[in-house]
Amino acid sequence: MAAEIWWHGEKRRQIVKRVGEGERSAQKALSRERPRQRHPQRGAENKVLTPGQRRETVICVQQQLGVSYRQACRALGQLRSTQQYRPQRPERDRKLVKRLHELAQCHPRYGYRRITAKLNEEHWAVNRKRVQRLWRAEGLKVPNKTHKSNRLGDGKNACHRRKPEHAHHVWAIDFLMDSILSGSRLKFLTVIDEFSRSCLSIKVERTMTSSDVVTVLERLITLHGAPGFIRCDNGPEFIAQTLQKFITDATIKTLYIDPGSPWQNGYCESFNSRFRDELLNLESFTSTLEARVLSEAWRRDYNEQRSHGALGYQTPKQVLGQALKTSKLQTPRRTSEMAQA
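These numbers come from a predicted model, not from an experiment.

Thresholds, definitions, all that
Residues numbered from 1 in each chain as written. Predicted model: local features only at pLDDT ≥ 70, side-chain atom pairs only at ≥ 80, totals over all residues. Heavy atoms only, no water. Pairing = 2+ DSSP bridges. Helix = DSSP H or I, 4+ residues; strand = E, 2+ residues; numbered from the N terminus. Core = buried A, V, L, I, M, F, W, Y, C linked by side-chain atoms within 4.5 Å. Buried < 20%, exposed > 50% of the residue type's maximum accessible area, 1.4 Å probe, protein only. Salt bridge = Lys/Arg side-chain N within 4 Å of Asp/Glu carboxyl O. Patch = residues over 30% accessible without salt bridge, like charges linked within 9 Å, V, L, I, M, F, W, Y side chains within 5 Å. Areas by Shrake-Rupley, 256 points an atom, 1.4 Å probe, with all protein chains shown as cover. Lys, Arg positive; Asp, Glu negative; His and termini not counted. Charge placed at Lys NZ, Arg CZ, Asp CG, Glu CD. Phe/Tyr/Trp six-rings, centres within 6.5 Å; stacked < 30°, edge-to-face > 60°. Disulfide = S-S within 2.5 Å. Contact = heavy atoms within 4.5 Å. Axes fitted to C-alpha atoms, helices over the stretch in contact; angles between N-to-C directions. Parallel < 35°, antiparallel > 145°, perpendicular 65-115°, else oblique. Left-handed = near helix turned anticlockwise from the far one by under 90°. Nonpolar A, V, L, I, M, F, W, Y, C, P; charged D, E, K, R; others polar.

> Help me get a handle on the pairing of strand S5 (residues 253-256), residues and values and all.
Both strand S4 (residues 229-232) and S5 contribute to a ladder of four bridges, which runs parallel. Across the sheet, residue Phe229 finds its bridge partner in S5, namely Lys253.

This is how it looks when you write it as structure tokens:
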């Protein structure tokens, strides 16, 4: 009786043991692959699907492993006819890309938005998205790095507080510095009309004083009439007694910005950045005469050909012509808001 009970007990233990053999441990159960779950060691990189990607993969395998062209195609399952095929751009895109390269060579600092405006002026039936796609595909321009800067001051004469209201209402003047190949310094005096964004003058000299500033303003007043206001910084040439006396005699008011706050003269600073980016940083001047000729040519192109984003992609010449036509060449000298300053 005892032996019979022991036999059944041993048999029971063997049955229980066989049932436990089929179970998985907790660690194995967690590490196994489940449906719709990516394997931890697979899928880390994107699949090579397009023909262009497969062609690049075959070339990469040939270079890194040193295998032949046929072996690489056979190992990757790539047809040699597909590998030898070279895609051709449609005829319409080929002509457009050629024109994009020409415009990028003439205007190396233009973005695709301004290039789109130039193409529309030439009667190309393209929109901004198509130009942007081709622009990026050709790698025509790398975006500039931007740096954050702190705003200094909040002066009452800043350009966002005292805005121009008509043509030749507010002129902005400033200096830029550059040099020729011999190392001699060049000084650029720029004068712009804030309403139309047109550049009225770019004077280039080795050195410049307040008397030179007066000479430039006299010539511009003879051509365009006296402005209502002149916006500038507190440089020694602009606060000299010679210039102050001339401005007083011409009944012109001054809008001096706060020291160390160039952003308050934003229209002129924006123009200066375009002038430096599109000319000074690209040209090496051999003499002062060459700098004068190139600066004047760039000024004419800026006023007559270059479309301005803030003006609805119109040129400053077009805006100035429309403003003068609207006012019938009789623009008021001042407005009530500015006259109270």
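That shown, we press on.
> Pulling in residues and values, what's your account of the nonpolar core?
Counting 21 residues, the largest nonpolar core has Val213, Phe238 and Leu243 as the members making the most contacts within it. Sorting the residues of this core by element identifies strand S1 (170-179), strand S2 (185-193), helix H9 (210-224), S4 and helix H10 (241-249) as the ones contributing at least two each. At five residues, the largest contribution of residues to this core is made by H9. Phe188, Cys268, Leu279 and Tyr302 belong to the second largest nonpolar core, which has 20 residues in total.

> Please set out the pattern of salt bridges residue by residue, giving values where relevant.
Opposite charge on two side chains permits pairing when their charged atoms draw close. A complete count under the given rule lists twelve salt bridges for this structure. As a salt-bridge pair, Asp277 and Arg109 come within 2.9 Å of each other at their nearest N and O atoms. You can see Asp277 sitting in helix H11 (residues 266-280) and its partner Arg109 sitting in the loop between helix H6 (91-106) and helix H7 (112-121), a full 168 residues away along the chain. Using a relative accessible area of 15% as the deciding quantity, one classes Asp277 as buried. Here the salt bridges do not stand alone but share partners, grouping Arg99, Glu102 and Glu122 into one network.

> Break down a positive patch on the surface for me, citing the residues and quoting the values.
Side chains of Arg113, Arg128, Lys129 and Arg136 sit close together on the surface and give a patch of like positive charge. It is helix H8 (residues 128-138) that provides the largest number of residues to the positive patch, a total of three residues. By secondary structure assignment, the location of Lys129 is in helix H8.

> Go over the packing of aromatic side chains with me, naming the residues and quoting the values.
In total, this model carries eight aromatic pairs according to the counting rule given. Taken together, a centroid distance of 6.4 Å and an interplanar angle of 45° make the contact between Phe188 and Phe285 tilted. Note that Phe188 is positioned in strand S2 and Phe285 in the loop between H11 and helix H12 (288-304), a separation of 97 residues in sequence. Assigned by exposure class, Phe188 and Phe285 land together as buried. Both rings, one in Phe271 and one in Trp298, keep their centres 5.7 Å apart while their planes meet at 55°; by these two values the pair is tilted. Of this pair, Phe271 sits in helix H11 while Trp298 sits in helix H12; the two residues are 27 residues apart in sequence, bridging distant segments of the chain. In this pair, the class of Phe271 matches that of Trp298, namely buried.

> Give me the lowdown on unusual backbone geometry, citing residues and values where you can.
The backbone phi angle of His123 is positive, close to 70°, even though this residue is not glycine. Of note, His123 is situated in the loop between H7 and H8. Of the residues examined, His123 reaches a relative accessible area of 74% and is grouped as exposed. Even without a glycine there, the phi angle at Arg197 is positive, about 65°.

> Please give an account of the state of the cysteines that cites residues and values.
Every disulfide links exactly two cysteines, by a covalent bond between their sulfur atoms. Under the definition given, this model contains zero disulfides. With no disulfide of its own, Cys232 has Cys268 as its nearest cysteine by sulfur position, at a separation of 9.6 Å. Cys232 gets classed as buried once you look at its relative accessible area, which sits at 2%. No disulfide involves Cys268; its sulfur sits 8.7 Å from the nearest other cysteine sulfur, which is in Cys199.

> Please set out the side chain of Gln78 residue by residue, giving values where relevant.
Tracing the backbone shows Gln78 in the loop between helix H4 (69-76) and helix H5 (80-84). When sequence neighbours within four positions are dropped, the list of residues in contact with Gln78 reads Pro51, Arg54, Arg55, Val58, Cys73 and Gln83.

> Before we move on, can you summarise the environment of Asp233 with the specific residues and values?
Position of Asp233 among the secondary structure elements: in the loop between S4 and H10. By relative accessible area, which is 25% here, Asp233 ends up partly exposed. Here the alpha-carbon distance between Asp233 and Phe175, two residues 58 residues apart in the chain, equals 9.7 Å. Excluding residues that lie within four positions of it along the chain, Asp233 makes contacts with Asp174, Phe238, Tyr256 and Ile257.

> Give me the packing of H9 against H10: which residues, what numbers.
Axis separation between H9 and H10 bottoms out at 8 Å; the angle between their running directions is 20°. With respect to their mutual orientation, H9 and H10 come out roughly parallel. Here the hand of the crossing between H9 and H10 comes out right-handed. Residues Ser210, Ser211, Val213, Val214, Leu217, Glu218 and Ile221 of H9 pack against Thr242, Leu243 and Phe246 of H10. Partitioning the contact of H9 with H10 into residue classes produces six nonpolar, three polar and one charged.

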